[in-house]
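A look at the structure
Chain by chain, the residues:
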Amino acid sequence: LLTWTHDAAAEAEAVAAVNCSGHGRAFLDGLIASDGRPSCECNTCYRGRDCSLLLPDCAADADSGDPLFLEPYWQQHAALSAVVVSGWHRMSYRTNGDNFISLQLETHLRLLHEAVGNAVTDGKFIVFGSGSTQLFNALIRSLSPDNDSSSSSLSNVVASAPYYPMYKAQTALLDGREFEWEGLTSDWANASSSPSPSTNFIEFVTSPNNPDGTLKRPVLPGSTVIHDHAYYWPHYSAIPAPSEEDIMVFTDSKLSGHASSRFGWAVIKDEGVYRKLNRYLKLNSMGVSRDTQLRVLKLVKVIIAKVKKQDDIFDFGYTTLSERWSKLNKILSSSTRFSLQKLPPQYCSYFNKIRDPSPAFGWVKCEREEDRDCAAVLLKAGIISRTGIIFEAGSRYTRLSLIKTEDDMDLLLQRFESLVSQEEP
Ligand SMILES: C=C(NCc1c(COP(=O)(O)O)cnc(C)c1O)C(=O)O
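So, how was this worked out
Residues numbered from 1 in each chain as written. Predicted model: local features only at pLDDT ≥ 70, side-chain atom pairs only at ≥ 80, totals over all residues. Heavy atoms only, no water. Disulfide = S-S within 2.5 Å. Helix = DSSP H or I, 4+ residues; strand = E, 2+ residues; numbered from the N terminus. Buried < 20%, exposed > 50% of the residue type's maximum accessible area, 1.4 Å probe, protein only. Polar contact = N/O pair within 3.5 Å; in protein donor to acceptor, adjacent residues only side chain to side chain. Contact = heavy atoms within 4.5 Å. Near = heavy atom within 4 Å. Areas by Shrake-Rupley, 256 points an atom, 1.4 Å probe, with all protein chains shown as cover. Nonpolar A, V, L, I, M, F, W, Y, C, P; charged D, E, K, R; others polar. Pairing = 2+ DSSP bridges. Axes fitted to C-alpha atoms, helices over the stretch in contact; angles between N-to-C directions. Parallel < 35°, antiparallel > 145°, perpendicular 65-115°, else oblique. Left-handed = near helix turned anticlockwise from the far one by under 90°.

In this section: the state of the cysteines. What the rule picks out here adds up to four disulfides. Between the sulfur of cysteine 20 and that of cysteine 40 lies a disulfide, 2.1 Å long from S to S. The S-S bond linking cysteine 20 to cysteine 40 shows a torsion near -90°; that makes this disulfide left-handed. One end of the pair, cysteine 20, is in the loop between α1 (6-16) and β1 (24-26); the other, cysteine 40, is in strand β2 (residues 40-42), with 20 residues separating them in the sequence. The class of cysteine 20 is buried, set by a relative accessible area of 3%. Accessibility expressed as a relative area gives 12% for cysteine 40, which makes it buried. Taking only the cysteines that form disulfides and numbering them from first to last, the chain has the pattern 1-2, 3-5, 4-6, 7-8.

Take a look at the structure:
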């Protein structure tokens, strides 16, 4: 018999029942409409009280990697994935001593990596971040010489193009005396004189890569490598073998799709780096919200319980992305103006089969000499993409997000089909 949770449950179910025509949703903390009920928050190009109006000639927005393709999965598993937060849930600053993490959640993340087979965590430490974004600079500072150390060496932070722009933007913003952004690995790898031994290189290696989905390896010999495995899950990539790197970063934004919960984690081999990281996170934010940790624990438990069983999230995600890729590839197969990255089918230990690629993003190249600004060409055709310039890959490339809502994907396919149909045979 429910007592004090009854009203909270009723409130949550009432909001979930608000009709947004399948082109939006209402939230408990959404704006209140004139009739006193939470408003629908509509998908791109949809408007009206119930999101039923599709704006004509509205641009398809394929810019951000907003992982809403997984929203239907959680709506289909509402009872399993909901969590009620009591008014007195974990009010203290302290959780499990000084590292601010839920031991249950840490245990379940280890179980998840074991079940999926994408990372080895035995004998390694785990640290939580408010998004993996918070962990990038935490790691750079923890891997750089202490500013009070005698060594004058700096950490040169580098990445291979095309790379996730956040690495450069954040490092430049938070630039400290101990480190600075030093550009492309290729410039250093080809440098005539190898970097002086006192120079410490920190290399971001994103595998699978954002924007092009390729599985990447470090380029610079002797560099300290941060392996960003945001997309090393079966939705997006074959899992040939578990990653056993010394520094690995993951995010729930791409695992369950809960980008707004701001939850990432790092798997760290070296205890010294682990301790420095913990100190950074204590001084920077005193840990990740415990409300978020509770919610992520619930989601991870659902994912683990369904691993390799009927309707597990990885099957849902891979099936959804594969269908989207086959439609996009079909449209572009008849184009001589645009091409997409070509990734090989690969054996996946999770599905135990050779599988087609299903990366989160399409990496489009404009092939015509005159189409130098590829993002501008697509924008003119009503497609918002993310220019290759910010990935340091030049303007002839542009990125398409394939992980947004079904509505976004439908609009993108419509606009691209129309654009390609205008090509002279
Ligand atoms: C949302 C997008 N990127 C998220 C991302 C992140 C962000 O993770 P958070 O945990 O949401 O902060 C980390 N690493 C890589 C390689 C990523 O691509 C994007 O590129 O549009």
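Okay, the side chain of asparagine 137 next. For asparagine 137, the location among the structural elements is in helix α5 (residues 131-143). According to the relative accessible area criterion, asparagine 137 is buried, its value standing at 1%. Within the structure, asparagine 137 has its side chain in polar contact with the side chain of arginine 141 (distance 2.8 Å). For asparagine 137, the contacting residues outside a window of four places in its chain are Gln170, Leu174, Phe179 and Tyr280.

Quick look at the site of the ligand now. If you check the shell around the ligand, you find 19 residues, and the closest are Ser132, Thr133, Tyr231, Thr251 and Ser253. A distance of 2.7 Å separates an oxygen atom of the ligand from a polar side-chain atom of serine 253. Protein contact buries 91% of the 500 Å² of open area that the ligand shows by itself. Every element with two or more residues in the shell around the ligand is listed here: α5 and α8 (252-255). In the shell around the ligand, the residues fall into five nonpolar, nine polar and five charged.

What follows concerns the sheet that holds strand β7 (residues 155-159). With respect to topology, seven strands assemble into an open sheet ordered β6-β12-β11-β10-β9-β7-β8, the strand pairing being mixed. Looking along the sheet, the strands with just one partner apiece sit at the ends: β6 (125-129) and β8 (179-184). Each neighbouring strand pair of the sheet contributes to a mean axis angle of 25°, computed without reference to strand direction. Direction of pairing for strand β11 (residues 247-251) relative to strand β12 (residues 264-268): antiparallel, over a ladder of five bridges. Following the sheet pairing, threonine 251 is matched in β12 by glycine 264.

Moving on, we get to the pairing of β12. In terms of burial, β12 is a largely internal element, five of the five residues being buried. Alternating residues of β12 divide into Gly264, Ala266 and Ile268 and Trp265 and Val267, and every residue in both groups is buried. Pairing between β6 and β12: five bridges, direction antiparallel. Within β12, the residue paired with isoleucine 126 across the bridge is valine 267.

Between α5 and helix α6 (residues 166-173), the least distance of the axes is 10 Å, while the angle of their chain directions is 60°. The orientation of α5 relative to α6 falls into the category oblique. In the crossing of α5 with α6, the sense of the turn from one axis to the other is right-handed. Across the interface between the two elements, Thr133, Phe136, Asn137 and Ile140 from α5 touch Met166, Tyr167, Gln170 and Thr171 from α6.

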